[in-house]
Structures are given as C-alpha cells and as structure tokens.
Amino acid sequence: MGEEMLRTENVRKHFGSVRAVDGVSIEVMKGEIVSLVGPNGAGKTTLLNLISGLLKPDSGKVYFLGEDVTGKRPSQLVRKGMARCFQISNVFENLTVLENLLAAVHSIEGRISPVRRYDEDDAVERAMAVLREFNLHERAHLTPKELSHGDRKLLDVAIAYALNPKMILLDEPTAAMSVGEKRTTVGVIKKLRDQLGVTVLLVEHDLDVVYEVSDRIIVMHQGTILAEGRPDEVREDPKVREVYLG
Amino acid sequence: MVTRREFLGMLGGGIVGLAVGGALGYTLAPKGPSPEEMAGKLPGVPSEPLKIGGMWFLTGKFGTYGDMAKKALQLAVDEINASGGILGRKVEITLKDEADRQNVLQNIRKMVEEEKAEFLIGIDSSGDVLKLAPVVENDLHVVTVITHAATPKLTACNKLHYVFRISMYEEPIDVAAAKLVAEKFPDVKKVASIGPDYAYGYDSWAIFSTNLKKLLPGVEMAEPMYSKLGTEDFSSYIDKMLAYEPDLVFSSLWGGDAATFVKQAVSKGLFDRVKYYLNPMLGATDTLKAIGDGNVPTKAQVWGSGRYWFLYPPHDVWPLNKTFVSKFKSRYGEYPPYVSATSYTAVYALKAAIERAYVMKGAWPGQDDVVAAMEGLAVAGPMGPVAMREDHQGVYSVFWGRLTKGAPNYPHPILTDIQVFDFGEVFPAPGQTAVKCQ
Amino acid sequence: MIARLEEVYVDRGGVTVLRGVTLQVGEGEAVALIGRNGAGKTTTIRALMGLNRPRSGKVYFMDRDITDVPAHERARMGIGYVPEGRRVLPDLTALENLEIAYGGKVPKDTLEWLFQFVPDLKRFLNRKGLYLSGGEQQMLAVARGLVRRPKLLLLDEPLEGLAPKIADSITRTLKQIRDEGFSMLISESGIVKRLEGLATKAYGIDRGEIVYEGALEGILEDEVARARIWGV
Amino acid sequence: MDMGLLAAQVFNGLVYSSILFLVSSGLTLIYGIMNVLNLAHGSLYMLGAYLGITIVVYALGGTPLAYLVAFLLVPPSVGVVGALLERTLIRRTYPMGEEYQLLLTFGLILVFDDLVKMVWGAAYINFPDPNSFLGGLRFGVYTLPLYHVILIALGFAVFLGLWTFFSRTFTGKVMRAAAMDREIVEAMGVDVNRVFVSSFFLGSLLSGLGGISAGPLYTASPGMGTDIIVYSFAVIVIGGMGSIGGAMAGSLIVGVLRSLAISFYPQLEIVIVFVIMAAVLLVKPTGLFGRPEFERR
Amino acid sequence: MGEEVKEQEVSMETVAMILGVILLALVPLAGRHMTHLVASALLLSLAATSFNLLFGYTGLLSFGHALFWGVGGYTVAVMMARFGFGYLESVAAALAMSAIMGAAIGFLCVRHTRIYFAILTLAFGQMFYGIAVKWDFLGGSDGIYGLPRPLNSLELYYYVVLASVLVSLYILRVITRSSLGLSFMAVRDNAFRAEFLGIGVRATRLKSFIISATFTGLAGALWVLLETAIGPESMFWTHSAEFVFVTLLGGPRVFLGPVVGGFIYAFLADVAMSVTEFWLFVIGAVLIGIVLFFPYGVLGYLLKRLRG
C-alpha cells in the first residue's frame, strides 16, 4: 500500500445553476476499498462520471496511476485499467451472459478481429473463469432478461472484472437487492480486492455494506466533501449522522 | 412537305406495297371462322394458343402509357381472335410492368422463358430498349416489336436481327420540325429550348438544332434547358426563357411534363411573348387532355407532332384509321393516343409476317422465318401504311399540326392544319443519325 | 379515506418493483413514504397516478375502484402530481405550465390563491421552464400539482437536490397546503427530519415492500425499518 | 447577372417554397409532437390533389366557386384520413422501433399510389388553371400569375397561423407540451391520445392543403407524392426536425436555391438539395433551428 | 445474438442448409427464367444480408444502401464497357471501389445514429443517384448496357453467382460469429457500455459500414453481369427501401433472415406481377402486414415457434 492509484484535484462540474461537484479532491491508494457516501444529489455519481471519463470536468484534474487522464474517453481509460459498473445494471440485453463477458474479454485483450471466432476456446475459458468467480457460470447461456435482479448486477460487475482492471468503480452495486443478494455482493467486493487484487471505489447507500467493506469512507454533501476517514471514525462523526438521519 | 393530294398518291403506293407484301387486308376481311373451328385445319400449325408478351409502364407516373397500349393490344387481339386467330391459333397476351425498374430484363426473360411468349412487343423507355436489344439479339432470339421507345440509337447504331421498331422514332419528327420552321416561320431569329433531362431530350435538341442551323443559318440559339422527368414546377425554366426573349421555343417535353409546361407557360405569359412553340410530343391525346381547351394559347402558334394522330390520315381517305378510332372510342370512351396505334399495328405486323412466312415455308415459321418476313414488310396501320426498312425501322410519313381548341366536337384540344412530310424527306438513311452512338 | 392501494404488485422491465404494497392516505392527512433509491417510492406514486398499471391489486380513490382509470382522468378526478425531478415543461412559461394542468386559462382568483402558497411564482410567471432554477422549478411543480385544487396531492421527492434553504421554503409551503386541508403523499429518500412537522403518518418501503407503517417519528426507532432503509 | 431574372426566380422559388412549406410543416409537426416520421405524408398530399380534382374537374367545373369549395373541403378530409391512419395502423408501431414506422408508412405509399390509380386512373390530370379567372401581374417580360402570389401569401399565412396556434392557443400549447413530455401531460389531465390524433389530423390537413394548392399549379399523377416527400425530408432536416420555423427556413432555402440553380447552375438542380441536406446534418445535425432533443419520456 | 442453438438443432440446421444448397445447385434444370430469378434472388439476399450486418448486427438503419449496389455495378460496367477489362478484374475493382466509397461515406455517416443516420445515408444515396443521372461517363439516364455475359452462358454464370454468394454469406457468417461481430452487437445493444469495454464505438460502426458496403457492392457488381446493364434507378431510394423491406420480411435478428426475405420478395413480386397490375399494392399490403403481425420477420417467427 501507499502507492497512489487515483487522485482527483479540485474537480468541479456544474450543470447550469446546480453545483453537482464543487471542487473535490480525493485520493485512492492501490489495494484500497474506498466508499463514497452521501444523500441523494450529493454528487457521488457525477464524481464517478468525471473520474471514468464520461463527463469532462469544468476545472480540476484527474490522475490515474500518476498520469493525467483528465478528459480521456472511457474506452481509453478502460485500456489503462479503470473499469466501471453502473447504478442501473447496464449490460448487453440481447447477448447471452457468456457473450457479454466475451465482448469484454476480446476487447481488452486486443483480440477483435473478423476471423477469430468469438467463442474460441481460450476466450470462453477465460470468460467462464470470470463467471465462476461470480458464481454465474450456470447461467452463462441465459440472456440478462432472464436473470434475477441481483444476478444482473453481478453480471455488470463481472463484465468490469473481465476487463483485467487495476481499479473498479462501483455505482450502488446493492441497490434494490434482497438481503441474500447483498451478502453475495459484499463477498464479491471483498474478493475483488483480497483475492483478485483490484482497487475499488464504491458508491453505496447501504451503510452496513459500506462499513463492512471499506478501508476508508468519503462523505459527500452538496457537491463537496463533508468528512473522510476510517469507518469507525465516520460512524461516530455527528456531521454524518446529521446529514443522514437529520 | 406534301399536300393532301400528294398524300393520296403516297397512299396508293403504300397500298401497292401492302399487296406486294402479301399481307392480308384485314380491314376488308369478313368475319372469319373462330380459332376453334380453324384449329388444326392448317397443316403444320400447332394447336395451342400463340402467346405475345407485352411490356410497358403499367404503374407509376407513366402508367398511362401502358394502360393505353394494353387497351389497343387487347382490341387487336380480340379482333384477330374473332376472325380465326393467326393461322387458326388463338392469340393470348401476357404483360409485365416496365416500372419494375430493377427487373426489366428479368421480366422480359420471364415472359419468353417461363410464360412461353413467342413474340414480344412494347417498351416505353429508350434506356430499356437499348439494354433489351442485346439481350434479345444474343440470348432470347425472339422477334420483338418496339412500339414506343424512340431513340435513334436503337436502329441507327445497332445491327438488329430480331428487334424491329414499328413506331416512328424521334429523328424524323425533329428533322421535320426544322423543315417546318424553315418553310413556314422563316422570321424566327432566336430559339430557346427545353427538354427532359435524359438522352431523349439531348438527342432531340441536337437533331432539331443541327438541322435548323443548316436551313436557317442566322438563327441564334439559347443554351438548351433540361428538366428532370416529372418536374412539377416549370416557372423557373419559363422565366429563364422569357429573359432570353426568343421568337420560338422548341420543347421535347412529353406526357404530363408537356402538359404541365404548357399550362404553366400560359399563366406565366410565355405565349404572349413568343411567336411559336413546337413540341414533337404534343400530338398525344393523353397530353392534350391534360392541357385542356382552356390552356390553348391564342396569341402564339403552338405546333405539335407525334408518332400518330387520331385524325390523320384523314378518316375519309384512310378508312382503317376511322375504324380504329371509332372502335377504340366506343370501347374505351376516348380517342386513341399514339401508343395505342403503334401497339395495335405491332400485333397486326406480327400477324402479317407470320402469315407471310407460313406461305413461304408451308409450315409454322421459326423466329428466323418471321424475321425474314418482317424485313421488307408493309403493313397497314391506323397511321397509314408502315414499311419495315432494312434497318428494322418502320417508316411512315410525319405530320405536324397546330394546336386548336377541340370544342365542341372533341373533349380536348386537337391538332389542325396538318402538315405532312413524306418519309423520304425526313428519315435519315439507314445507319445514319445526327446523334452520337455511345 | 382519500386513496388506497391494496396489495399492489407492479412489474417494470421484467422486474417486480412493488410486491404487495398496501397503503392509505386519509382525509386531510400528509403521509410520508420513506425509502432509499430504487425502493419503490416512485412506482408507488405512479401507481396511484395511473402511470404504472399494477399486475395485480387494486387502487381506490374516494371509495371508487380506479385501477383501470387512465392517468388523465385521475387528474381530472382530483389527483395532483408533482413528479420526481419536477419535469417542468421546458419550452413553456411557468404560466403556460399551469394552464396545461388547469385545462385552460387559469382564472385570476386561482392564481391569487396559488400565490398564497408560492408567492415567488409571481416573479417568474412568464419565464420559460428551461430558465428556472431548481427551486423555482420545484415551486412551479407544486403549484402545477395544486392548480386544479386536487383532493390528493402526490409529491415525489419534492425536496431532492435542493439547497437547504430552498428545501425549507418548499416544506413551509407544503405545510401551508396541508393546513388548507389537502391530503398528500410525499416520498422522501431518507432524511426524515426534512418532513418533521409536515407529515404525521409514514410508510417505510424497501425493495417494493412496506416495512413500516405508523407515526413519522416512530420510523427511526423501528429496528426493522432502520435496518432495511438506512442499514443502521 | 440579370437582376430582373434574379427577382423572377426568387419569386418562383417562393411559390415552390410555399408548397414545400405546407407539406413539410405537417411532416415536421407530426414528427415534433409524436416522434413519428410519416413517409406516407406525400401520399396525403397526392390525395389532396386528387380530391381537389374530383371537386374542381368532375363535380363543379373549374369555376372560382369550385376552387373555394375544394379549398374548404379537401384539407379537413385529408386530415381525417391521416387521423384514421394514425388510429388504425401507425399507432400500432409506437412500441416498435423507428424503422418499423418508416417501413409501415413506406408500405402505405405503395398502397396509396395504386389506390389512386384504381379510383382516378393512371393518366395525369390537370386542373383548369385558376389564373384564367385570376389573371396575373405584368413585370417586364415576366408575369406573376395571381394564383402564385396567392400561394405565397397562403404559405406565409399558414406559417403565421401555426405560429399563433402554437404560441397563443391553449390547444396549441397542449400539443407542444405533449411533445415535450407526454407522460407528465397525461398526468396533468390531458388525454394525450386525443392530442396525438389531433396532431395527425392537423399535420395531414396541412399536407392535404399542400396538395390542393399545388394541384392547380402542377399536374396530378399517381406517384406524385414520392418527390415531394423526399424534398420535404430535406426541408425539415435542414430546418431542424420538429420546428415549424425550421420548416419555413428549410422551405425557403430549398425552394429558392433550386429555382436559382435552374437559371444559373442547371447541372446542380438535382443534387443541390441533397448536398445541403448532408452538409447540414454533418455540421449541425439538429438543423438550423432544431435544438437537441428533449429527454422524451 | 441469443440465437445460440442446441446440439441436435445444429445438425437439423446443417441438414437443411445442405439440402438448400443442393436445391440451389439444381436450379438451372428448372429453366432459364427460374435460373435468372433465383440468381437475382441470391444477389438481393446477399445485398440484404450485407445491409443487415449494419442494421441487425450494428444497429444502424441505412436508407441509402442501394448507393453501394450502384457503386459496385457501375464500377463493373465502366471497367468493361469503357476500358475493356474482363469481368474478373472488373469485379475485383468493384469490390475495392465499394470498400473505398464505404469508408469515405461511412466516415461521415457513423457520426450519427438512429433517424439521423438513416436520413444522412438517404441524402448520400440520392446525391449519387443525381450524379449518375447527370454524368455522361456513366451513361446518364440510359445507364450502361450491352455488357457481355461472363462465360457466355446464363447457366454457367448462375454457378458463378451461386458460388460467390455462398462464399460471401459464409464470410459474413464468419464475421458475425467473430469477435469483431460480437463487438458490432455490443455496440448495437449498448453503445454506452461498449465504450466502457474499451470498444471504440465509432470505429466499430465504421468497420461494419465498410464491410457492409463492400458486400453490397459485390452483389451489385454480380447483378450487372447478370442483367448485362445498369441504370441510375439502381441507386434510387426506393431500391434502398427494398433492402430494408427484404431484411425485415425475413427477420433482422437471424443471420439467414434477409436471405429468406430476399427469396420471398423475389418470388412474391414475380407472382404478384403476373397476377395483377396492382402488384405494388400487394407488396405494400404485405409490408404493412409484416410490420403489424410479424415484426420479427418470417424466419424470426418460424424459429421462435420452433424453439417454443
């Protein structure tokens, strides 16, 4: 630890009169699980969008692995090792689960070619290995529509993981999940870091989940950082309780 | 130009030609036996019906051409079947739509190869006829009689064997137009023109202008204008013409375009500013009907020609025209346009050639026998006697007439003051044309 | 009783988002619907408005079964709607927004009546929706929901994304409206404090199920509701 | 350059613009409100012309009264046909993709062309020229036929009428509102289905008005709707899809440029419209007056 | 594409495929018209399948695809009629030309999607139609005609067409099953997410466009040799609409859908025209019926029923 993975420097994004992200600097170290929390509209998702290249900041910089990546497109960032999942599960609806994974595998390994079968053995092997990690291998031939809500979200994470990322941005992975599904997801997040060596930046509403998995928590409110610290510190911070429970 | 008397003389020659050709004078033929009665009576004649394939624009913007051709074809076939068919064979027709633009050749093939049409007639588009000719000549080997497409290239630039054109083509009409101007309107100083934006329009202007320059060397001519087929609004063309201040406008627009142009030119005052307006395609009843009596200009002289005009040859001197017109009128309620006359004649030309070949051969003729019989054939059509020249172009005299209100005798404007040009005067020699072959 | 959902199930995009929701709003009552994002608040409100058809279950309004009544008729029957994200019609002025909801030109006295609750409306009546600030849009959205003087006003996260001062002023407005005797159902993503003094009764919702029903203050004390809604 | 000719050509362009505007304003209106691109819109134009012919040529003769009757009766009749099409056929494609709408309405073009042929025959038909009783204004060697002048006025009047309708009347505002957010408008008590039928009625009515206006100027034939629909497409793309002002601007550009091209650069006539259209799409995809689409719900 | 089939069905499909090919090989026995009709149906099918690579697989509706049919066709016609090349060189040139034009026009068009893409392609199609009408070198409105038929025999040429179409379909099949094909489908389903997979969305669309244009051009090139002539109408927008029609008729979400559609359309038009002069009415009515009742196309519908 101690090596920097991601850093933002005073990034700012306004939509008209709305100050969605208003000068935020955060830092994520290699191997950390960092959570972004805060009430609705605090600017968490916007910050994620700024980091992952979906939005360009009005001002400020984003560094990934020490390199200035401000304004780079998502596809470029993915190739540098930054993958991302989405709040509302965002997968390829007309492809099977396996094909969803294969698309990621081929793309990231630079194997896109008109003559290479997409279901060639080693790609499938690789994709199936990922699916096994996420316990989705038995559903490899279903389409996302046929999956449960929890499995769809898992698939979303699995796709991101198949991209061999150094870091994954997770946007509310447990939203609308059942308790059981949530447990699985917590396991997956831990596994991402502990076994698979991926750094995680997590946006999450469920504070139980957050407290359980995070090394560090950043609390956002109205586009700025309200508090930051270890879970036990944040849990005791009256400002945080104030924001949440009033 | 010929007078009425000269015409009668020509007519005599034509009739002699008909006799020499051995064609059966069908207008004089009494009602013969039915095909059923005739079937098998003549040695060597197959008993199954004879199928003729026809192709015209049956749908779309030019659908009226196919419609009119089809009606005349039906008339001819019914007449022939009522009087014993062709050598006792009942005639049947099969039609394909030329408006199926992607499949013109395929549909032609279908009629021959699948529907077993033994002969083909029709074709409206010049482009199609040029595409079709090599296919028929090299591949299909069936006698094909063209009834409408008018490009000089077909007969002047190709050595044809199976393909014949019974209808007048554009060159003699345009040559006659130049002569008409030189003889009747020598006061013309400036000429403007408009035509459809494709080969026919370009060719027509080239022929007319080349010939006119020879006859009236001093005439000044504007850059020719071309509008795309189906142009709705000619105002811009008309004003460009007005700006040039011509005495004469030569227009090769046809069909709906010709009518739309005249109508808009009337309201834009073109006919108050020019003295003469010539259109080689005006003598078509469909066009005249669309123009209507209300749009017949009074100040300027408007002259038109065509491949056939239902009042020419005059009904009293050429009864066949009278019979044809009255049959057509009573069956379909309107006067026949040129496509009707040419398709009608095409069927009779085939009949005459088959019968002549049968006489020579003593058995049902093959395609090459029919070709031999067609060559040099003269057949009587509503437009007068038509002689098939060695280049497979049917020749007959050209007319130009002046546009006049049709009321009260006719439901649409008509051409009067008919000026006739003998084919010897206006037809280029076989193989010659003012147009560049591709 | 003004409105009632009974055992309502709703599917959206193949996912069941409401699982047997039963909920009731009484005469003159302001009821809070509390749950986090994706818990089913919006769908519940839309089911009442007629924008989501239940797979099963019934919707009642003024003792009438309106399960099959289309949204526009419900609006005319007296349900006002203040949607999530405000959804002010951007190309129309504030006044025109009101006209659409009123069904014609808004009479002067109705406007005056609206100004009691949202005095600021006067200021931007002729400005296009596109050029209104978030708070102004929310005020307009409330006024728009109110303009037909509905028997029930549905407010879907009316305080979301607003600066605290503005949120406070909206809350004041809503209190005033409630005091006039209007019934309302207000959804809120979790900050109960914002509804204090406004709502008396509350429902807690999580994953499409009602997990709490009772007094607003009680919800924070309820173990189950706290665990499921806030995870604390 | 000959200034008289230039002026005459601009005038001619305006006449054509006027017809184009009548048709394309209907097309853009339906697209703007309902997000439906109706390829058969040109067929409704054709229907307008043929219904006009039925009244002016066959029923009443080419009297001024006949024209008046035709102008009063034809557009609403075509509007009803359009509304019926929406209710019976086009409505069923809303849950499907845009391509299905294009396809279904393309099928309608084929059906309409043949229907017209079955009813009125294949031959082109001309109206008696209204200028025969209206006359024209002399202007040097040029004549400005009065009917053309009336058409230009009609185009602008309809433009102003639509402008007023959409900005001043309640129904117009409801239509715009439904275009912005159909769901919220529904929740505000508006029967959006009725709004949609009405906008189809109004859009089709405009196309029918275009047909009856153009009929006396041009020549009616089956298939006459195909050209105008392609040009109308160009117009609304250039002006910005869904914008009435854009339809006006696009009509003026296409109509006048085409007219000038004929006089001054004839070889450009066919391609110029499509070159402008492609250029606009490439440089400003939303067209001159369009704006980025609202999030539709 | 979610149409991955189970083992026993694969064998069934293979059998059907082999039977189909044998049938196609026997076509010349059914007479010249049938040979010709099937040859054009094959070429229409190839064009529609190429179109569908862009439409069904990549999610872009081109309303000007006949442009590439025309590019291929005119290239062959010009090479043979104007420069006297043989048909093999000419077809090779047509392939190259279609690819180049595909790249150039595709580059401009893939910046847009949905309706804007459709209209932009329509505009380009009409522009080139206008150019073909006006340009003497291309024969103007008459087009170019009287080309020699390769091998001097319809039957032999039929086998050239059959072989070329089968090989092309095979190549297209390989592409749709390739990792590139998968990236097309990923872009179609969710361009937004594809970007987060590291797939360059615009570049992927362009690749699809070029491949699609090339094979459409090949179909046009082979068609010209079948017809021995070409005219500007081959690029008119209604011809582009035919590709769309054929594809939806057969089913855009099944690889062989456009082939089935191509055959149905060719035979339907052939029969309808023999029966009535209002054949366009029939085609239009069928089109409307397909949209309303079989939006997945005939083959799509059949497969759906077969698989429950």
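Look a little higher up for the structure.
Residues numbered from 1 in each chain as written. Chains lettered and ligands numbered in written order. Predicted model: local features only at pLDDT ≥ 70, side-chain atom pairs only at ≥ 80, totals over all residues. Heavy atoms only, no water.

### Here we look at the interface of chain D and chain E
Then step 1. At the interface, 41 residues of chain D touch 41 residues of chain E.
Then step 2. Counting each side, the surface lost to burial between chain D and chain E is near 3900 Å², with a carbon and sulfur contribution of 81%.
Then step 3. Contact with chain E buries area across many residues of chain D, yet Tyr-100, Leu-103 and Leu-282 of chain D alone supply 17% of it, more than any other trio.
Then step 4. If you look at where chain D meets chain E, you find four residue pairs in polar contact (both at pLDDT 80 or more).
Then step 5. Within the residue set of the side of chain D that touches chain E, elements represented by two or more residues are helix H4 (98-120), helix H10 (224-239) and helix H12 (269-283) of chain D.
Then step 6. For the side of chain D that touches chain E, the class distribution of residues is 31 nonpolar, five polar and five charged. (Contact = heavy atoms within 4.5 Å. Buried area = accessible area lost by both parts, 1.4 Å probe. Polar contact = N/O pair within 3.5 Å; in protein donor to acceptor, adjacent residues only side chain to side chain. Helix = DSSP H or I, 4+ residues; strand = E, 2+ residues; numbered from the N terminus. Nonpolar A, V, L, I, M, F, W, Y, C, P; charged D, E, K, R; others polar.)

### A look at helix H9 (residues 235-244) of chain B
Then step 1. Burial runs high along H9 of chain B: nine of the 10 residues are buried.
Then step 2. Listing the buried residues of H9 of chain B in full gives Ser-235, Ser-236, Tyr-237, Ile-238, Asp-239, Lys-240, Met-241, Leu-242 and Tyr-244 of chain B. (Buried < 20%, exposed > 50% of the residue type's maximum accessible area, 1.4 Å probe, protein only.)

### Section: the packing of helix H2 (residues 32-57) of chain E against helix H9 (residues 201-227) of chain E
Then step 1. Between H2 of chain E and H9 of chain E, whose axes approach to 7 Å, the crossing angle comes to 170°. Taken together, the axis directions place H2 of chain E and H9 of chain E in an arrangement best described as roughly antiparallel. (Axes fitted to C-alpha atoms, helices over the stretch in contact; angles between N-to-C directions. Parallel < 35°, antiparallel > 145°, perpendicular 65-115°, else oblique.)

### Some points on the packing of aromatic side chains
Then step 1. Evaluation of the coordinates by the stated rule reveals 53 aromatic pairs over all chains.
Then step 2. With 5.5 Å between their ring centres and 80° between their planes, Phe-234 of chain B and Phe-261 of chain B make a pair best called edge-to-face. You can see Phe-234 of chain B sitting in the loop between strand S8 (225-227) and H9 and its partner Phe-261 of chain B sitting in helix H10 (residues 255-267), a full 27 residues away along the chain. Each member of the pair Phe-234 of chain B and Phe-261 of chain B is classed as buried.
Then step 3. An aromatic cluster is present here, built from Tyr-308, Phe-324, Phe-328, Tyr-332, Tyr-344 and Tyr-348 of chain B joined pairwise through their rings.
Then step 4. The positively charged end of Lys-190 of chain B is found above the aromatic ring belonging to Tyr-244 of chain B, 4.7 Å away from the centroid.
Then step 5. Between the NZ or CZ atom of Arg-82 of chain E and the centre of the ring of Phe-137 of chain E, over which it lies, the distance is 5.7 Å. (Phe/Tyr/Trp six-rings, centres within 6.5 Å; stacked < 30°, edge-to-face > 60°. Lys NZ or Arg CZ within 6 Å of the ring centre and 35° of its normal.)

### Description of the sheet that holds strand S3 (residues 119-122) of chain B
Within a sheet, neighbouring strands are paired by backbone hydrogen bonds and run either parallel or antiparallel to one another.
Residues and elements named next belong to chain B.
Then step 1. Spatially, S2-S1-S3-S4-S5 is the arrangement adopted by the five strands of the open sheet, whose pairing is parallel. Both edges of this open sheet fall to strand S2 (91-97) and strand S5 (163-165), since each of them pairs with a single strand only. Between one strand axis and the next, the sheet turns by 20° as a mean value, whatever way the strands run.
Then step 2. As defined by bridge partners, S3 adjoins strand S4 (residues 144-146) across three bridges and the pair is classed as parallel. Within S4, the residue paired with Ile-121 across the bridge is Val-145. (Pairing = 2+ DSSP bridges.)

### Some remarks on helix H4 (residues 121-133) of chain A
Residue and element names in this part refer to chain A.
Then step 1. Taking 1.5 Å of rise per residue, 13 residues should cover 18 Å, and H4 covers 18 Å from first to last C-alpha, within 8% of that figure.
Then step 2. Listed in full, the buried residues belonging to H4 are Ala-123, Val-124, Ala-127, Met-128, Val-130 and Leu-131. Burial along H4 is one-sided: seen end-on, the buried residues are contained in an arc of 155°. Across from the buried face of H4, at angles greater than 90 degrees, the exposed residues are Asp-121 and Glu-125.
Then step 3. Tucked into the core, H4 has its buried residues touching helix H3 (97-108) and helix H5 (149-162).
Then step 4. At the C-terminal side of H4, Asn-135 shows a positive phi close to 60°. (Expected span 1.5 Å × (residues − 1). Arc of directions from axis to C-beta.)

### Section: the pairing of strand S13 (residues 384-388) of chain B
Residue and element names in this part refer to chain B.
Then step 1. Among the five residues that make up S13, four are buried, leaving the element largely enclosed by the rest of the structure.
Then step 2. Inspection of the sheet shows strand S12 (residues 378-381) paired to S13 by four bridges, in the antiparallel sense. Bridge assignment links Gly-381 to a residue of S13, and that residue is Gly-384.
Then step 3. Adjacent in sequence and paired antiparallel, S12 and S13 are bridged by two residues.
Then step 4. Strand direction decides the pairing type here: S13 and strand S14 (residues 394-395), joined by two bridges, are antiparallel. What sits directly across from Ala-387, in S14, is Val-395.
Then step 5. Connecting the antiparallel pair S13 and S14 is a turn made up of five residues, with His-392 showing a positive phi of about 70°.

### Considerations on the environment of Phe-328 of chain B
Residue and element names in this part refer to chain B.
Then step 1. Locating Phe-328 in the fold gives a position in helix H13 (residues 319-332).
Then step 2. For Phe-328, a relative accessible area of 0% translates into the label buried.
Then step 3. When the C-alpha atoms of Phe-328 and Ser-340 are compared, they prove to be 9.0 Å apart, with 12 residues separating the residues in sequence.
Then step 4. Beyond its immediate chain neighbours, meaning those up to four positions away, Phe-328 contacts Met-68, Lys-71, Ala-72, Leu-75, Gly-333, Glu-334, Tyr-335, Pro-336, Pro-337 and Ser-340.

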